[in-house]
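# Examination of the molecular architecture
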Amino acid sequence: MAETLKLDGTDQLDFDRETVERAYDRWAPIYDLVFGGVFGKGRQAAIVATNSLGGRVLEVGVGTGISLPQYAANTRVFGTDISEAMLRKAHQRVKELGLKNVEGLAVMDAEKLEFPDNSFDVVMAQYVVTAVPNPEVALDEFARVLRPGGEMILLSRVSADAGVRRFIEQRLQPVVRPLGFRTAEFAWSRFAKWQAGAAGIELVERRLVPPLGHFSLIRFRKVEIAAAA
Ligand SMILES: C[S@@+](CC[C@H](N)C(=O)[O-])C[C@H]1O[C@@H](n2cnc3c(N)ncnc32)[C@H](O)[C@@H]1O
């Protein structure tokens, strides 16, 4: 029988850190070839938004570092990922291209960021939130390390809340899980629920990006705390 997933994320279906880590270690040698072009336009939109803010940027799930050469000189970027094999590619890219604004790269779980509160002007995560076992925990971490006034810039697949697309996405889920992907668990209602429960986070923008209209650029801002009179 086909699995039916709940929209509230209470079904994790064995999507654990080890499965994801193994999947991306396997993807590393061919990742840029397979996913370089197809996600290119989305990444470009996210980078434009990030460069317009500048400052200290944390890119979570930096992968092979495919976006690193696109960051403007007014940014200082720290990249993290759970897969060592993906990060080796990123290191290689930084070295080969002499990317001076890349502060560092480190193996780190998005659900447990090893940075103090309010450390970054921008937290960027491109095609990562749906790969993390407990995305709300990761979003909480992004908000924690973001300084007040800073922005969380996410590129994510947003699954359907209902209808034929949801039906298909649910049936695809068990097939794509071993590859480190999720198709069915991330309806917009889940992002909205997270935001409603997160203190001081406002939605700046949600915009569809290619391919297929299934992906969105999402920007959340951490509200600035008013200075005491
Ligand atoms: C679809 S790839 C996206 C890579 C890159 N951001 C891009 O734009 O192509 C997802 C990345 O998230 C990483 N990832 C998955 N779960 C993670 C976690 N819990 N913490 C940190 N990185 C994670 C994977 O290793 C992989 O590099």
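Because the structure is a prediction, the values reported are computed rather than measured. (Residues numbered from 1 in each chain as written. Predicted model: local features only at pLDDT ≥ 70, side-chain atom pairs only at ≥ 80, totals over all residues. Heavy atoms only, no water.)

## A look at the side chain of Asn101
- Residue position: Asn101 is located in the loop between α4 (84-97) and β3 (102-107).
- The buried category is assigned to Asn101, whose relative accessible area is 15%.
- Apart from residues no more than four positions distant in its own chain, Asn101 is found in contact with Tyr71, Ala72, Thr75, Arg76 and Val77. (Helix = DSSP H or I, 4+ residues; strand = E, 2+ residues; numbered from the N terminus. Buried < 20%, exposed > 50% of the residue type's maximum accessible area, 1.4 Å probe, protein only. Contact = heavy atoms within 4.5 Å.)

## Re the pattern of salt bridges
- Counting across every chain of the model gives 14 salt bridges.
- Notably, a salt bridge pairs Glu103 with Arg76, separated by 3.1 Å at the nearest N-O pair. Of this pair, Glu103 sits in strand β3 while Arg76 sits in strand β2 (residues 75-81), placing them 27 residues apart in sequence.
- Owing to a relative accessible area of 44%, Arg76 belongs among the partly exposed residues under this scheme.
- Between Glu136 and Arg190 there is a salt bridge; the shortest N-O distance is 2.6 Å. Here Glu136, found in helix α5 (residues 135-145), pairs with Arg190, found in helix α7 (residues 188-197); they are 54 residues apart in sequence, far enough to count as distant.
- Judged by its relative accessible area of 5%, Arg190 is buried. (Salt bridge = Lys/Arg side-chain N within 4 Å of Asp/Glu carboxyl O.)

## Here we look at the sheet that holds strand β4 (residues 120-126)
- The seven strands are arranged β3-β2-β1-β4-β5-β7-β6 in an open sheet whose pairing can be described as mixed. Where the open sheet ends on each side, the last strands, each with one partner, are β3 and β6 (201-209). On average, each strand axis in the sheet is tilted by 15° relative to the strand beside it, whichever way the strands run.
- Direction of pairing for strand β1 (residues 55-60) relative to β2: parallel, over a ladder of six bridges. Looking across to β2, one finds that Arg56 is bridged to Arg76.
- Contacting β1, β2, β4, β5 (146-157), β6 and β7 (215-222), helix α3 (residues 40-53) crosses the sheet at an angle of about 175° to β5.
- Packed on one face of the sheet, α5 meets β1, β4, β5, β6 and β7 and runs near 150° to β5. (Pairing = 2+ DSSP bridges. Axes fitted to C-alpha atoms, helices over the stretch in contact; angles between N-to-C directions.)

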